[in-house]
Amino acid sequence: MKVVVLAASMLFGMFVYAEAKSSMEVVKNDVVAVATQQQDGYEEVKIENLNAKVQAAIKTNEATNTVKSLAYNKSKKLTKVTLVSKADKKEKTIILDDQGQEVKDKLK
């Protein structure tokens, strides 16, 4: 009887260890994704924190697109806007300067 209880507790312990290890791997992957996003100098931002000209430019795109994400690069003074088309669900990224004008040659 002792052997059965011991075997059951060992199996339970191995199951708990496997679950804990797989949970830790998911967390590690999320941290890597956040670090990669910040390497290009852009940081997530809310639309309320952008100037009026950039907000107006983004709102003109909202007629045919949904804004997926906004990011701002302080050193370059550029806003990266990721849009998803309402018609065909394709994703595109545009870069806006502080005047709300699209900058095509600085997208990297």
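Before reading on, note that the structure itself is shown above.
The sections below set out a description of the structure shown in this document.

1. Observations concerning the pairing of strand S2 (residues 65-73)
Part 1 of the reasoning: Looking at chain direction, strand S1 (residues 43-44) and S2 are connected through 2 bridges and run antiparallel. Bridged to glutamate 44 within S2 is alanine 71.
Part 2 of the reasoning: Across 8 bridges, the pairing between S2 and strand S3 (residues 78-85) is antiparallel. Within the sheet, the bridge partner assigned to serine 69 lies in S3 and is threonine 82.
Part 3 of the reasoning: Counted between consecutive antiparallel strands, the loop separating S2 from S3 contains 4 residues, among which lysine 77 sits at a positive phi close to 55°.

2. Looking at the pattern of salt bridges
Part 1 of the reasoning: For the structure shown, the criterion picks out 2 salt bridges.
Part 2 of the reasoning: Here glutamate 91 makes a salt bridge to lysine 68, at a shortest N to O gap of 2.7 Å. With a gap of 23 residues between them, glutamate 91 in strand S4 (residues 91-97) and lysine 68 in strand S2 connect regions that are remote in the sequence.

3. So, the packing of aromatic side chains
Part 1 of the reasoning: For the structure on display, the rule yields 0 aromatic pairs.
Part 2 of the reasoning: Over the aromatic face of tyrosine 42 sits the side chain of lysine 80, whose NZ or CZ is 4.5 Å from the ring centroid.

4. Some points on the side chain of threonine 79
Part 1 of the reasoning: Among the structural elements, threonine 79 can be located in strand S3.
Part 2 of the reasoning: What makes threonine 79 buried here is its relative accessible area of 0%.
Part 3 of the reasoning: Leave out the neighbours within four places in its chain, and threonine 79 touches Tyr42, Leu50, Val54, Ala71, Tyr72, Ile94, Ile95 and Leu96.

5. A few points about unusual backbone geometry
Part 1 of the reasoning: Phi is positive for lysine 77, close to 55°, though the residue is something other than glycine.
Part 2 of the reasoning: Positionally, lysine 77 belongs in the loop between S2 and S3.

6. Overview of the nonpolar core
Part 1 of the reasoning: Ranked by size, the top nonpolar core spans 10 residues in total: Ile47, Leu50, Val54, Ala57, Ile58, Leu70, Val81, Leu83, Ile94 and Leu96.
Part 2 of the reasoning: For this core, the elements supplying multiple residues, two or more each, are helix H2 (52-61), S3 and S4.
Part 3 of the reasoning: In terms of residue count, H2 provides more of this core than any other element does, 3 residues in total.
Part 4 of the reasoning: With near-sequence residues (within four places) excluded, leucine 96 lies in contact with Val54, Ala57, Ile58, Lys77, Leu78, Thr79, Val81, Gln101, Glu102 and Val103.
Part 5 of the reasoning: Grouped together as the second largest cluster of nonpolar side chains are 5 residues, Tyr42, Leu78, Ile95 and Val103 included.

How each quantity is defined
Residues numbered from 1 in each chain as written. Predicted model: local features only at pLDDT ≥ 70, side-chain atom pairs only at ≥ 80, totals over all residues. Heavy atoms only, no water. Pairing = 2+ DSSP bridges. Helix = DSSP H or I, 4+ residues; strand = E, 2+ residues; numbered from the N terminus. Salt bridge = Lys/Arg side-chain N within 4 Å of Asp/Glu carboxyl O. Phe/Tyr/Trp six-rings, centres within 6.5 Å; stacked < 30°, edge-to-face > 60°. Lys NZ or Arg CZ within 6 Å of the ring centre and 35° of its normal. Buried < 20%, exposed > 50% of the residue type's maximum accessible area, 1.4 Å probe, protein only. Contact = heavy atoms within 4.5 Å. Core = buried A, V, L, I, M, F, W, Y, C linked by side-chain atoms within 4.5 Å.

Purely spatial values, then, with no claim about function.
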